[in-house]
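# Structural description and commentary
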Amino acid sequence: MELKVKKELIDSDGIRRALTRISHEIIEKNEGLEDVIIIGIRTRGVPLAKRIASKLEEIEGKQVPRGILDITLYRDDLTTIANQPIVHQTEIPVDITAKKVILVDDVLYTGRTVRSALDALMDLGRPKSIQLAILVDRGHRELPIRADFVGKNLPTSKSEVIGVNLKEVDGEDGVVLKEYTK
C-alpha cells in the first residue's frame, strides 16, 4: 500500500492567515503577553511556534520567550517506533513556573502527543496555565484533550492522513490530505 496525496487542503497563504488569527486569539485570551511563553513540540510544532512568536512580537511590539520541547522519552508508543529512538534536546530559555505556556503543534489527532508534552512540561516546572495551539484538528480523539486555538478543523476518516509541510522543514508550506492506495 502506498500513501498518495488526495488533495491540497491549505496553501501557504492559508497557513499564514491561520497563524495570524491564532496569534490574535492568544493575545485576547491572555489579555496581552505578560508571562506568556511559546513552546513548540518537535518537529513541526517548532517552526509554527517561531512563526506565532514572531507574529505576536509584530502585533504587540514585545518579544515573547520561545522554546522547543522534545517528547520522545514521554511517548506511550516508544517501544513501537524504534529500537533506538533519537532523543533531541529540549530548549526552554526561561523557568516555566507561574508562566502561561502556549504549547504549539501541527496536527491534533488522538491527543497522545499532547499528553506526552504535558508530562514533559510538568517535569520542567508548574506553569500557571498550559494552552494548546494547533494548525489542524482532524478529530478522532482517544484522550480528553482539546485545543484552545485551532487554525483549521479538518474532519478525516481514520484511513486518511494529514500531511503538513513547512518551509523550514520541507521546503514549502501546505497541508494535504493523503490516503493509502493499493
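None of the values given here were measured: they were computed from a predicted structure.

## With respect to the overall build of the protein
On a plain count of helices and strands, the protein comes out with five helices and eight strands. Reading the protein from its N end, one meets helices and strands in the order β-α-β-α-β-α-β-α-β-β-β-α-β. Relative to a compact globule of 182 residues, whose C-alpha radius of gyration would be 16 Å, the protein shows 16 Å and is just as compact. Seen through its C-alpha atoms, the protein measures out along the principal axes to roughly 50 × 40 × 30 Å. Across the 182 residues in the protein, those meeting the buried criterion constitute 45%. The contacts in the protein between residues at least 6 apart in sequence include a share of 71% that link residues at least 24 apart. For the protein, the exposed area adds up to about 9,800 Å²; of that, 46% sits on carbon and sulfur atoms.

## A few points about unusual backbone geometry
The linkage connecting Arg42 with the following residue, Thr43, adopts the cis geometry, with an omega of 10 degrees. Note that Thr43 resides in the loop between β2 (36-41) and α2 (45-60). One non-glycine residue with positive phi stands out, namely Asp35, at about 65 degrees. Relative to the helices and strands, Asp35 is located in the loop between α1 (12-29) and β2. Of the residues examined, Asp35 reaches a relative accessible area of 36% and is grouped as partly exposed.

## Focus on the pattern of salt bridges
A full pass over the atoms with the stated rule returns 17 salt bridges. Close ionic contact of Arg44 with Asp170 constitutes a salt bridge, the shortest N to O distance being 2.7 Å. Placement of the pair is Arg44 in the loop between β2 and α2 and Asp170 in helix α5 (residues 167-170), with a sequence separation of 126 residues. On the basis of relative accessibility, which here comes to 23%, the residue Arg44 falls in the partly exposed class. Here Asp148 makes a salt bridge to Arg146, at a shortest N to O gap of 3.5 Å.

## Let's talk about a nonpolar patch on the surface
Taken together, the side chains of Met1, Leu3 and Tyr180 present a nonpolar region at the surface, about 350 Å² in accessible area. Mapped onto the elements of the fold, Leu3 is located in strand β1 (residues 2-10). By relative accessible area, Leu3 is classed as partly exposed at 34%.

## Observations concerning the sheet that holds strand β4 (residues 100-108)
Pairing within the open sheet is parallel, and its five strands lie in the order β3-β2-β4-β5-β6. Lying at the two open borders of the sheet, with one neighbouring strand each, are β3 (66-69) and β6 (149-153). With direction set aside, neighbouring strand axes in the sheet form an average angle of 25 degrees. The pairing of β2 with β4 spans five bridges and is classified as parallel. When the bridges of β4 are listed, Ile37 appears paired with Val101. Most of the contacts of α2 go to β2, to which it runs at about 155 degrees, and overall it touches β2, β3, β4 and β5 (129-137). Contacts between helix α4 (residues 112-122) and the sheet are confined to β2, β3, β4 and β5, with β4 contributing the most and set at about 155 degrees to the helix.

Cut-off values and rules
Each residue is numbered by its place in its chain's sequence as written, counting from 1. Given that the model is predicted, a residue must reach a pLDDT of at least 70 before its local features are reported, and side-chain atom pairs must reach 80 or more before they are shown or counted; all residues, however, enter totals for whole chains, interfaces and linings. The basis for every side-chain value is the complete set of heavy atoms in the structure, and neither hydrogens nor water enter the calculation. Per the convention used, a helix needs a DSSP run of H or I reaching at least four residues, while a strand needs a run of E reaching at least two, with both numbered from the N terminus. Our radius of gyration looks at C-alpha atoms and nothing else; its globule reference is 2.2 Å times the residue count to the power 0.38. Accessible area is worked out with a 1.4 Å probe on protein chains only. A residue is then buried under 20% of its type maximum, exposed over 50%, and partly exposed in between. Contacts between residues were defined by any pair of non-hydrogen atoms, one from each residue, lying within 4.5 Å. Note on areas: these come from Shrake-Rupley sampling with a 1.4 Å probe, and a residue is covered only by the protein chains present in the view. Within this document, salt bridges are pairs made up of a side-chain nitrogen of Lys or Arg and a carboxyl oxygen of Asp or Glu, the two lying within 4 Å of each other. The patches described consist of residues with a relative accessible area above 30% and no salt bridge, like charges being joined within 9 Å and nonpolar side chains (Val, Leu, Ile, Met, Phe, Trp, Tyr) within 5 Å. Strand pairing requires that DSSP identify at least two bridges connecting the strands. Orientation is described by axes fitted as lines to C-alpha atoms, over the contacting stretch for helices, and by angles from 0 to 180 degrees between their N-to-C directions.

Limitation: the analysis is restricted to geometry and does not speak to function.
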